[in-house]
Amino acid sequence: MALEGSLKDFGLADILQLIYVQKKTGTLKMKNAFSESKVLFEHGLIVTADSSNLEGVNKIGEILLRSGRISKDQLKDALATQRKTNKKVGVILVEMGAIAKEYLMKALGLHVKEAVFSLFQWKEGRYSFEPSDISYLRDYGSPINTEFLIMEWVRRIDEWPYIEKKIPNLGLVFERTKENTDQVRVARSEEESPDDMFGESKKEEGIQITQEEMTVYNLIDGQQDVRQLIEVADLGEFETCKALSNLLTAGLIVQKTVVEPRKIETEKVGEVRKILPRLTVRQIISGMVMLACLVFLGQSAAKFINTMHRTIETAGYYDRLKTSNQVKQVGSSILTYYYRNNRLPVSLELLNQEGYPAGLILASEGRAMIYEPDDITGVFSIRVQD
C-alpha cells in the first residue's frame with residue numbers, strides 16, 4: 001500500500017525516517033503549487049533526487065558548465081551523443097574524458113543532497129511513496145544515509161541564523177584582506193599530524209583554516225558574488241556560505257564596498273556653480289535608456305532634453321551648454337570605466353588612451369573640460385571652462 005498524505009499532517013523528516021527505518025525501496029513523490037520532486041530509495045537509503053524548483057541545477061551538464069569544469073562545446077557534443085544513445089550526460093562526459101569519474105560521483109552526491117535539502121523548506125504540499133523497483137547510475141553514485149541527512153539538516157537549521165547575519169544575501173561580493181594573504185594555511189587533520197613523542201614538534205605557522213574554507217578563499221577575487229561562488233566551489237550553498245562567514249570572522253576577507261558615482265557638476269568661470277541633484281547610477285542609466293528609446297521611436301533629442309529639464313528641475317541648463325550631448329557622452333564613458341574597473345579614471349586623457357569616446361571634446365570651441373574624480377567617495381565632477 002502506498003504512503004501518502006499532506007505535509008501539514010506529516011513532515012518530511014518523519015516521512016524520511018519512516019522509509020529509512022522500514023528499509024523501503026521505491027519512489028517518494030512530492031508536489032505543491034510551484035514544483036514537483038522525486039526521491040528514490042533503496043533499502044531505506046537515498047540514491048537519487050530531483051526537484052523542479054532547482055531549475056537548471058538539476059542538470060549535471062549545466063552544473064559542470066557553470067563551474068568551469070567543461071566547455072560549451074563539450075556540453076554540446078555530450079548532448080548530441082545523448083540524443084543518439086539515451087545515456088546520461090554525466091556518463092557521456094566521463095567517457096569523453098571531459099571530467100573524471102570521481103568528480104562526477106561527487107557532483108551527483110552534492111546534487112542529491114541539495115535537492116533533498118530544498119524539500120525540507122516546503123511548508124505545504126502533497127506526498128506519496130510507492131514501493132517499487134528502481135534504477136539509477138549505480139557505478140556513479142553512493143547511497144546516502146537518510147538518517148545522517150536528516151541530522152545534517154537539523155545542524156543547518158541551528159547554524160544558519162548565525163551565518164545569515166554575515167551573509168544576508170547571495171548578491172554580496174567579497175575580497176581578500178591584503179595583509180593576511182600570505183599567511184593562510186590549510187590546517188592539518190589529526191591523521192596528517194606528524195608523530196611527536198615528546199610534544200616538541202613546531203606548531204605550523206600562519207592562519208589555519210579548513211580545506212573547504214581554503215577552497216572558497218582561493219575563489220574570492222572581488223568580482224564574483226556569493227551566488228557565483230556557490231556554483232564554482234562545488235560545496236553547496238550552506239557550506240559555501242559557512243566558509244565565507246568563518247573567513248569574515250577570521251578577518252581574511254571583507255565585503256567589497258562599491259560606492260556609486262552620485263553626481264555630475266558643471267560650472268563656468270566667474271559664475272556660481274550649478275550643481276545637479278545627486279543622481280544614482282540607476283537614474284543615469286535609465287536616462288540613457290530613455291534616450292535610446294526616443295531615438296528608436298523617431299523622437300528628437302530636444303524632446304528628451306526637455307523631459308530631463310522637468311524631471312531634475314534644471315531648466316535652462318542644457319540651453320546654456322551647447323554641447324550637452326558630448327558632456328553626457330563623457331559622463332557615460334566615466335561610468336562605463338567605473339563599472340569595468342571598480343574605480344574612477346584618473347583623467348579624461350586616460351579614457352582616450354583606452355579607447356573610450358571622451359576627452360577634450362570642447363577644445364574646438366575654445367573651451368576646456370575639467371574632470372575632477374574623488375575615488376574615495378566615488379563622486380566625480382565635470383567643469384566646463386571658457
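Here is a short report on the structure shown in this document. (Residues numbered from 1 in each chain as written. Predicted model: local features only at pLDDT ≥ 70, side-chain atom pairs only at ≥ 80, totals over all residues. Heavy atoms only, no water.)

1. Some points on the pattern of salt bridges
Counted only if it meets this: Salt bridge, as used here, is a side-chain nitrogen of Lys or Arg placed within 4 Å of a carboxyl oxygen of Asp or Glu. Relative accessibility under 20% of the residue-type maximum defines a buried residue, over 50% an exposed one, and the middle range a partly exposed one, all with a 1.4 Å probe and only protein chains included.
Taken as a whole, this structure holds 13 salt bridges when the rule is applied. In this structure, lysine 87 and glutamate 95 form a salt bridge, with 3.2 Å as the shortest nitrogen-oxygen distance. By relative accessible area, which is 36% here, lysine 87 ends up partly exposed.

2. Notes on helix H6 (residues 146-166)
For clarity, the threshold we go by: Numbered from the N terminus, helices here are DSSP runs of H or I no shorter than four residues, and strands are runs of E no shorter than two. Expected helix span is given by 1.5 Å per residue-to-residue step, counting one fewer step than there are residues. What the bend at a residue measures is the angle between two axes, fitted to the seven residues ending there and to the seven starting there. Note on contacts: a residue pair is in contact if any heavy atoms of the two residues lie within 4.5 Å. What qualifies as a polar contact is a pair of N or O atoms within 3.5 Å, subject to a donor-acceptor requirement within protein and to the restriction that residues adjacent in sequence count only when both atoms come from side chains.
The end-to-end C-alpha distance of H6 is 30 Å, a good match for the 30 Å that 21 residues give at a rise of 1.5 Å each. A maximum bend of about 45° is found in H6 at tryptophan 160, where proline proline 161 lies one to four positions downstream. Those residues of H6 lying buried are Thr146, Leu149, Ile150, Glu152, Trp153, Arg156 and Ile163. Its buried side turned inward, H6 meets helix H1 (12-21), strand E3 (36-42), strand E4 (45-51), helix H5 (101-119) and helix H9 (237-249). The backbone nitrogen of glutamate 147 has a side-chain oxygen 2.9 Å away, supplied by the residue at the start of H6, namely asparagine 145.

3. Focus: the sheet that holds E3
Note the threshold: Two strands pair if DSSP finds at least two bridges between them. In this analysis an axis means a line fitted to C-alpha atoms, helices contributing only their contacting stretch, and an angle means the value between N-to-C directions, from 0 to 180 degrees.
Taken together, the 5 strands give an open sheet; going across it, the order is E1-E5-E2-E3-E4, and neighbouring strands pair in antiparallel fashion. Lying at the two open borders of the sheet, with one neighbouring strand each, are strand E1 (3-6) and E4. Strand-to-strand twist in this sheet, taken as the mean axis angle between neighbours without regard to direction, amounts to 10°. Against the sheet, H5 contacts strand E2 (26-31), E3 and E4, and its axis sits at roughly 70° relative to E4.

4. Considerations on the packing of aromatic side chains
As a reminder of what qualifies: The pairing test for Phe, Tyr and Trp rings, Trp by its six-membered ring, is centres within 6.5 Å, and the orientation test on the planes gives stacked under 30 degrees, edge-to-face over 60, and tilted for anything in between. In this analysis the charged atom, NZ for Lys or CZ for Arg, is taken to sit over a ring once it is within 6 Å of the ring centre and within 35 degrees of the ring normal.
If you walk through the whole model with that rule in mind, you get 5 aromatic pairs. Summarising the aromatic geometry, the rings of phenylalanine 41 and phenylalanine 129 are spaced 6.1 Å apart at their centres and angled 80° between planes, so their arrangement reads as edge-to-face. Highlighted residues: phenylalanine 41 in strand E3 and phenylalanine 129 in strand E5 (residues 126-131), separated in sequence by 88 residues. Exposure class is identical for phenylalanine 41 and phenylalanine 129. Each is buried. Here the aromatic rings of tryptophan 160 and phenylalanine 238 are separated by 6.0 Å at their centres, their planes lie at 35°, and the arrangement is tilted. Of this pair, tryptophan 160 sits in helix H6 while phenylalanine 238 is found in helix H9, placing the two residues 78 residues apart along the sequence. The ring of tyrosine 217 carries arginine 176 above its face, with NZ or CZ at 4.7 Å from the centroid.

5. Observations regarding the side chain of aspartate 225
With respect to the helices, strands and loops of the structure, aspartate 225 is situated in the loop between helix H7 (211-219) and helix H8 (226-233). Exposure remark for aspartate 225: the relative accessible area of 16% places this residue in the buried category. Among the polar contacts made by the side chain of aspartate 225, one reaches the main-chain amide nitrogen of arginine 227 at a distance of 3.2 Å.

6. A short note on the nonpolar core
In globular proteins that are soluble, nonpolar side chains generally tend to be buried together. The criterion, for reference: To form a nonpolar core, buried Ala, Val, Leu, Ile, Met, Phe, Trp, Tyr and Cys residues must be joined to one another through side-chain atoms within 4.5 Å.
Counting residues in hydrophobic clusters, the biggest one holds 24 residues, and the most contacted among them are Leu16, Leu28, Met30, Phe41, Ile46 and Phe120. Breaking this core down by element, the ones donating at least two residues are H1, E2, E3, E4, H5, E5 and H6. Counting residues per element, this core draws most heavily on H5, which supplies 5 residues. For phenylalanine 41, the contacting residues outside a window of four places in its chain are Leu16, Ile19, Lys24, Thr25, Gly26, Leu28, Ile46, Val47, Phe129, Ile134 and Thr146.

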